[in-house]
Amino acid sequence: VYGNSNLPITVFAADNVGINKVNVTLASQTTILSYNGSHYTGSITAPNRGMHILTVTAEDNSGLTTSRQQYLEIYDSRADLTLTAQDIQYGAMTEDTTHTIQATIHNNGGTTAQNAEIKLYIDGQEEVSKTFSIGKLSTKNANLTWNPTYGTHQMEIILDQTNTISESNELN
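Report follows, based on the coordinates. (Residues numbered from 1 in each chain as written. Predicted model: local features only at pLDDT ≥ 70, side-chain atom pairs only at ≥ 80, totals over all residues. Heavy atoms only, no water.)

## A few points about the overall build of the chain
Of the regular secondary structure elements, the chain holds zero helices and 14 strands. Ordered by position from N to C terminus, the α and β elements of the chain give β-β-β-β-β-β-β-β-β-β-β-β-β-β. In terms of overall dimensions, the chain is more spread out than a globule: its C-alpha atoms have a radius of gyration of 24 Å, far above the 16 Å expected for 172 residues. Taking the principal axes of the C-alpha coordinates as reference, the chain spans close to 80 × 30 × 25 Å. (Helix = DSSP H or I, 4+ residues; strand = E, 2+ residues; numbered from the N terminus. Rg over C-alpha atoms; globule rule 2.2 N^0.38 Å.)

## Thoughts on the sheet that holds strand β1 (residues 6–11)
The pairing of strands in a sheet happens through backbone hydrogen bonds and is either parallel or antiparallel. With antiparallel pairing, the three strands of this open sheet are ordered in space as β1-β5-β4. The sheet terminates laterally at β1 and β4 (34–35), the two strands that pair on one side only. With six bridges joining them, β1 and strand β5 (residues 40–45) adopt antiparallel strand pairing. Residue P8 lies in a different strand from β5, and its bridge partner there is S43. (Pairing = 2+ DSSP bridges.)

## Some remarks on a nonpolar patch on the surface
A cluster of nonpolar side chains, M51, I53 and Y71, forms an exposed patch at the surface whose accessible area comes to about 340 Å². When you line up the elements, I53 lands in strand β6 (residues 50–60). (Patch = residues over 30% accessible without salt bridge, like charges linked within 9 Å, V, L, I, M, F, W, Y side chains within 5 Å. Areas by Shrake-Rupley, 256 points an atom, 1.4 Å probe, with all protein chains shown as cover. Salt bridge = Lys/Arg side-chain N within 4 Å of Asp/Glu carboxyl O.)

## Looking at the packing of aromatic side chains
Within this structure, the stated rule accounts for one aromatic pair. Between Y35 and Y40 the ring centres are 4.8 Å apart and the planes differ by 45 degrees, which places this aromatic pair in the tilted class. (Phe/Tyr/Trp six-rings, centres within 6.5 Å; stacked < 30°, edge-to-face > 60°.)

## Looking at the environment of N61
As for its placement among the helices and strands, N61 is situated in the loop between β6 and β7 (65–74). Residues N61 and I134, 73 residues apart in the sequence, show an inter-C-alpha distance of 51 Å. With residues up to four places along the chain from it excluded, the contact list for N61 reads V17, G18, I19 and N20. Of note is the side chain of N61, whose polar atom sits 2.9 Å from the backbone oxygen of V17. In terms of polar contacts, N61 uses its side chain to reach the backbone amide nitrogen of N20, at 3.4 Å. (Contact = heavy atoms within 4.5 Å. Polar contact = N/O pair within 3.5 Å; in protein donor to acceptor, adjacent residues only side chain to side chain.)

## Observations concerning the nonpolar core
Counting residues in each nonpolar core, the largest one holds 20 residues, and the members touching the most others are L81, I105, I118, L120, F132, I157 and L159. Among the secondary structure elements, those contributing two or more residues to this core are β10 (99–107), β11 (113–122), β12 (125–134), β13 (138–146) and β14 (155–159). In terms of residue count, β11 provides more of this core than any other element does, five residues in total. Residues within four places of I118 in sequence aside, it is in contact with A103, I105, V128, S129, K130, F132, A142, L144, I157, I158 and L159. Core analysis: the next-biggest nonpolar cluster, separate from the first, contains 16 residues, L26, I44, L54 and L72 among them. (Core = buried A, V, L, I, M, F, W, Y, C linked by side-chain atoms within 4.5 Å. Buried < 20%, exposed > 50% of the residue type's maximum accessible area, 1.4 Å probe, protein only.)

## Side note on the pairing of β7
Summarising the sheet, β6 and β7 pair through ten bridges and their orientation is antiparallel. Across the sheet, residue A58 finds its bridge partner in β7, namely T66. Taking the residues between adjacent antiparallel strands as the criterion, β6 and β7 are bridged by four residues, where G63 takes a positive phi near 95 degrees.

## Overview of the pattern of salt bridges
Tallied over the entire structure, the rule returns three salt bridges. Two residues, D76 and R78, come together in a salt bridge whose shortest N-O distance is 3.4 Å. A relative accessible area of 14% places D76 in the buried class. Exposure remark for R78: the relative accessible area of 36% places this residue in the partly exposed category. E117 is the salt-bridge partner of K119, the closest N and O atoms lying 3.9 Å from each other. Taking relative accessible area as the criterion, K119 reaches 12% and is therefore assigned buried. Shared partners join several salt bridges into a network, and the residues in it are E117, K119 and E126.

Below, the structure is given as structure tokens:
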């Protein structure tokens, strides 16, 4: 579910004295659902991204109510590219041998990121630059190759360095 999108709701509710009404609440927004003969339906506008509680409340004809709550994660409709240290894999390296560094890129947003860029820097110098596309709510592996020289080196991998992809969070 993406922020500010229409979220259809279907509820199956029954009671021995009959149901008077069923409503849903999400982020302080409440909607009364319509009965269509076998279940209750309606929709609500999804709030901004984050974890929210969806509450369904049913009231029977005698005025008794019962509620159920469910956590609902709302995603931003824009792309959100992330890469952490745990997403980077490589084995022992020896000099003058080509090695592959695998970076698992995550798009936690609701839009495909087209023509994004990943760069590998060694000791502050750009060694590899690759362009890739990644679907919404998905992961993609990028294989970056490097032929190391003898010594200790600082490795840095950067996604979307020039901010060409409009992301929900440009800081991660």
